[in-house]
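These are the residues of each chain, in order.
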Amino acid sequence: MSKIHKIKKAKDSNGKEIQHALWCTGHSYQIHRWEEATGSNRIVEEIDYEGYADRLATRAMAMGTLDSLHQQTLHENHGESWTDKNGITWYWADAIGRYVTIPEDDE
């Protein structure tokens, strides 16, 4: 039995939705990528676990992977900076591989 834990959504340059979803299959966590433009759905990462403690650690690792994939998708679509629907400008920080609200110094 599979259970969905988290979905992260982004839009590509044409306004089509891209989703990354975290699923628990009962013995592993899977991250699926779905693209509206192509209708494709594929597993991009699968992390197996055994036992309760291992499951908790694996879930934390899978959530981090999900977030990283989502950030990379945003960077592919928006480039070095973008402004969200709330008027907040986000800047790409190469050092940590994600968007931040304060730009990095070029020093």
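Residues numbered from 1 in each chain as written. Predicted model: local features only at pLDDT ≥ 70, side-chain atom pairs only at ≥ 80, totals over all residues. Heavy atoms only, no water.

### What to know about the packing of aromatic side chains
For the structure shown, the criterion picks out three aromatic pairs. Summarising the aromatic geometry, the rings of Y29 and Y49 are spaced 5.4 Å apart at their centres and angled 35° between planes, so their arrangement reads as tilted. Placement of the pair is Y29 in strand 3 (residues 28-35) and Y49 in the loop between strand 4 (40-48) and helix 1 (52-78), with a sequence separation of 20 residues. When its relative accessible area of 11% is taken as the criterion, Y49 is described as buried. (Phe/Tyr/Trp six-rings, centres within 6.5 Å; stacked < 30°, edge-to-face > 60°. Helix = DSSP H or I, 4+ residues; strand = E, 2+ residues; numbered from the N terminus. Buried < 20%, exposed > 50% of the residue type's maximum accessible area, 1.4 Å probe, protein only.)

### Some details on the pairing of strand 2 (residues 17-24)
In terms of burial, strand 2 is a largely internal element, seven of the eight residues being buried. The pairing of strand 1 (residues 3-11) with strand 2 spans eight bridges and is antiparallel. For K3, the partnering residue across the bridge sits in strand 2 and is C24. Note: strand 2 against strand 3, seven bridges, orientation antiparallel. Paired with H20 across the bridge in strand 3 is R33. (Pairing = 2+ DSSP bridges.)

### A look at the sheet that holds strand 1
As summarised here, the arrangement of the four strands in space is 1-2-3-4, forming an open sheet in which the pairing is antiparallel. For this open sheet the edge positions go to strand 1 and strand 4, each flanked by a neighbour on one side alone. The average undirected angle you get between the axes of adjacent strands in this sheet is 15°. For strand 3 and strand 4, the ladder comprises eight bridges, and the chain directions are antiparallel. Following the sheet pairing, H32 is matched in strand 4 by I43. Sitting on the sheet, helix 1 is in contact with strand 1, strand 2, strand 3 and strand 4, with an inclination near 15° to strand 1. (Axes fitted to C-alpha atoms, helices over the stretch in contact; angles between N-to-C directions. Contact = heavy atoms within 4.5 Å.)

### What about the sheet that holds strand 7 (residues 98-100)?
Taking strand neighbours across the sheet as the criterion, the three strands line up as 5-6-7 in an open arrangement whose pairing is antiparallel. Here the strands that pair on one side only, and so sit at the sheet edges, are strand 5 (81-83) and strand 7. For this sheet, the mean inter-axis angle between neighbouring strands, taken without regard to orientation, is 30°. Two strands pair when backbone bridges link them, and strand 6 (residues 89-93) and strand 7 are joined in this way by three bridges, in the antiparallel orientation. Following the sheet pairing, Y91 is matched in strand 7 by V100. Each of strand 5, strand 6 and strand 7 touches helix 1; the most contacted strand, strand 7, lies at about 75° to it.

### Quick notes on the side chain of Q71
Examined against the element boundaries, Q71 turns out to sit in helix 1. Accessibility expressed as a relative area gives 9% for Q71, which makes it buried. In this structure Q71 touches W92, G97, R98 and Y99, once residues within four positions along its chain are discounted.

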